[in-house]
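Working through the structure, step by step
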Amino acid sequence: MDRSTVPTRLAPVTVRHSARESDTATILLHGAAGSWSTWRTTIAAAEASGAVRDLVIPDLPGWGDSPVDDLATLDAGGLAETVATVARSLGYRRWRVVGHSLGGFVALELAAQEPDATTSVALVSATTLGARGAELGAFGRFVHYPALIGLLCGMRLLLLLGPLAAPFVRLLDRVGILPLLTSPLFTKVDRDAVHDLARDLRPGAFVRAMQSSRTYPAAERWARIRCTVVAWHGDDDVFVGRDDDARLAAIIPGFRAIVVPGTGHFGHVEHPSLLAGVLRSR
């Protein structure tokens, strides 16, 4: 896997990618609590059963190896535009997008922005809180998405620690407390995934992503999507609302959902082969 840095309007973006062999990329977008590394087990599982080509895996601006000077500039529209810029800079004219958690949110905005270039969207445990847009107040968000709001409160507390936040989270990981704190995200805690979370956590970017989702006009934007959208999520995913699938189906033409039994928020980590066919298909 090669590593490149691509200049974009928001910030230089670090992207891992395979060699270009066609004009269509498979873009993998990470969530708000991770980076490109969340996809490593999925890629390894796909490669074990066949070649995986034309992968594009960016660290979104504000996360991983793609820092930004001003987090206030980040929103779904800007992040999606950045992803398109990265793909085109690598020579691709079209793409299939796979997004986990926040990455699913960005994938849907990319499909709305670029209907001709986006051939399909796969959502993995996508946090589509913005599907309600400004419809929900603070109380409504807590009622429908209590775990997500709880995580947001935790991120705000980490922000108060400033530069001490990162070593504090790593300490929690070393002494075995972080796996307990993150256990609601998994049906079976994956220690490697927890280590990645401890290393890649960016509380400022997480809080900004949540803030920008509150005014995002999901119904208006996602109604423009023309490609097929398939959503995979676990039946024990604490970040997916009970009626999210029905609401998304009412907004997005061609939407369908697949519920994976006994699975939490990191479906692609708990079941690495879940997306093997998607990553290998043409």
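The numbering scheme is per chain: residues are counted from 1 as the chain's sequence reads. Residue-level local features of this predicted model are given only where pLDDT is at least 70; pairs of side-chain atoms are given and counted only at 80 or more, and the full residue set underlies all totals for whole chains, interfaces and linings. The side-chain values count all of the structure's non-hydrogen atoms but skip hydrogen atoms and water molecules.

**Comments concerning empty space enclosed by the protein**
What counts, and what does not: For each structure, a 1 Å grid was placed over the protein atoms alone; sets of points admitting a 1.4 Å probe that cannot get out are labelled cavities, open sets with protein on both sides within 12 Å along at least five of seven lines are labelled pockets, and lining residues have an atom within 4 Å of a point. Grid points are joined across faces, edges and corners, and a volume is the space filled by probe spheres set on the points. The secondary structure listing takes helices from DSSP runs of H or I that are at least 4 residues long and strands from runs of E that are at least 2 residues long, numbered from the N terminus. Residue polarity follows a fixed list, in which Ala, Val, Leu, Ile, Met, Phe, Trp, Tyr, Cys and Pro are nonpolar, Asp, Glu, Lys and Arg are charged, and the others, Gly among them, are polar.
What the rule picks out here adds up to one cavity of 30 Å³ or more. One number sums up the size of the largest cavity: a volume of about 70 Å³. Together, Leu-123, Ser-125, Ala-126, Thr-128, Ala-231, Trp-232, His-233, Val-240, Asp-244, Asp-245 and Leu-248 line the largest cavity. At the level of secondary structure, the elements contributing two or more residues to the lining of the largest cavity comprise strand S7 (228-234) and helix H11 (244-251). The residue makeup of the lining of the largest cavity, split by class, is six nonpolar, three polar and two charged.

**Brief notes about a nonpolar patch on the surface**
Formally: Residues with no salt bridge and a relative accessible area higher than 30% make up the patches, which join like charges within 9 Å and nonpolar side chains (Val, Leu, Ile, Met, Phe, Trp, Tyr) within 5 Å. Methods summary: accessible areas were calculated by the Shrake-Rupley approach with a probe of 1.4 Å, and residue burial reflects only the protein chains presented. Counted as salt bridges are all cases of a side-chain nitrogen of Lys or Arg within 4 Å of a carboxyl oxygen of Asp or Glu. Partly exposed residues are those whose accessible area sits between 20% and 50% of the maximum for their type, while under 20% is buried and over 50% is exposed, using a 1.4 Å probe and protein chains only.
Together, Leu-161, Leu-164, Phe-168, Leu-171, Val-175, Ile-177 and Leu-181 make up an exposed nonpolar region whose accessible area comes to about 610 Å². Its place among the elements puts Ile-177 in helix H7 (residues 177-182). Accessibility expressed as a relative area gives 37% for Ile-177, which makes it partly exposed.

**Some thoughts on the sheet that holds strand S2 (residues 13-17)**
Note the threshold: What makes two strands pair is DSSP finding at least two bridges between them. Simply put, an axis is a line fit to the C-alpha atoms, just over the touching stretch for a helix, and the angle between two N-to-C directions goes from 0 to 180 degrees. Whether two residues are in contact is decided by their heavy atoms, any of which lying within 4.5 Å being enough.
One open sheet holds the eight strands; their spatial order is S1-S2-S4-S3-S5-S6-S7-S8, and the pairing between them is mixed. Here the strands that pair on one side only, and so sit at the sheet edges, are strand S1 (2-6) and strand S8 (255-260). In this sheet, adjacent strand axes meet at a mean angle of 20° when their direction is disregarded. Here six bridges tie strand S5 (residues 94-100) to strand S6 (residues 118-124), and the two strands are oriented parallel to one another. Paired with Val-98 across the two strands is Ala-122, which belongs to S6. Contacts from helix H3 (residues 102-113) reach strand S3 (24-29), S5, S6 and S7 within the one sheet, and its direction differs from that of S5 by about 150°.

**Observations concerning helix H8 (residues 191-200)**
Taken together, the buried positions of H8 are Ala-193, Val-194, Asp-196, Leu-197, Ala-198 and Asp-200. Buried positions along H8 lie against helix H1 (40-48), helix H6 (165-174), H7 and helix H12 (267-270).

**Topic: the packing of aromatic side chains**
Note the following rule: Between 30 and 60 degrees the pair is tilted, below 30 it is stacked and above 60 it is edge-to-face, where a pair is any two Phe, Tyr or Trp rings, Trp via its six-membered ring, whose centres lie within 6.5 Å.
Within this structure, the stated rule accounts for three aromatic pairs. Considering the side-chain rings of Phe-105 and Tyr-216, the 4.8 Å spacing of their centres and the 55° angle between planes classify their relative orientation as tilted. Remark: Tyr-216 occurs in the loop between helix H9 (203-213) and helix H10 (218-222) and Phe-105 occurs in helix H3; sequence separation between them is 111 residues. Using a relative accessible area of 5% as the deciding quantity, one classes Phe-105 as buried. Judged by its relative accessible area of 8%, Tyr-216 is buried.

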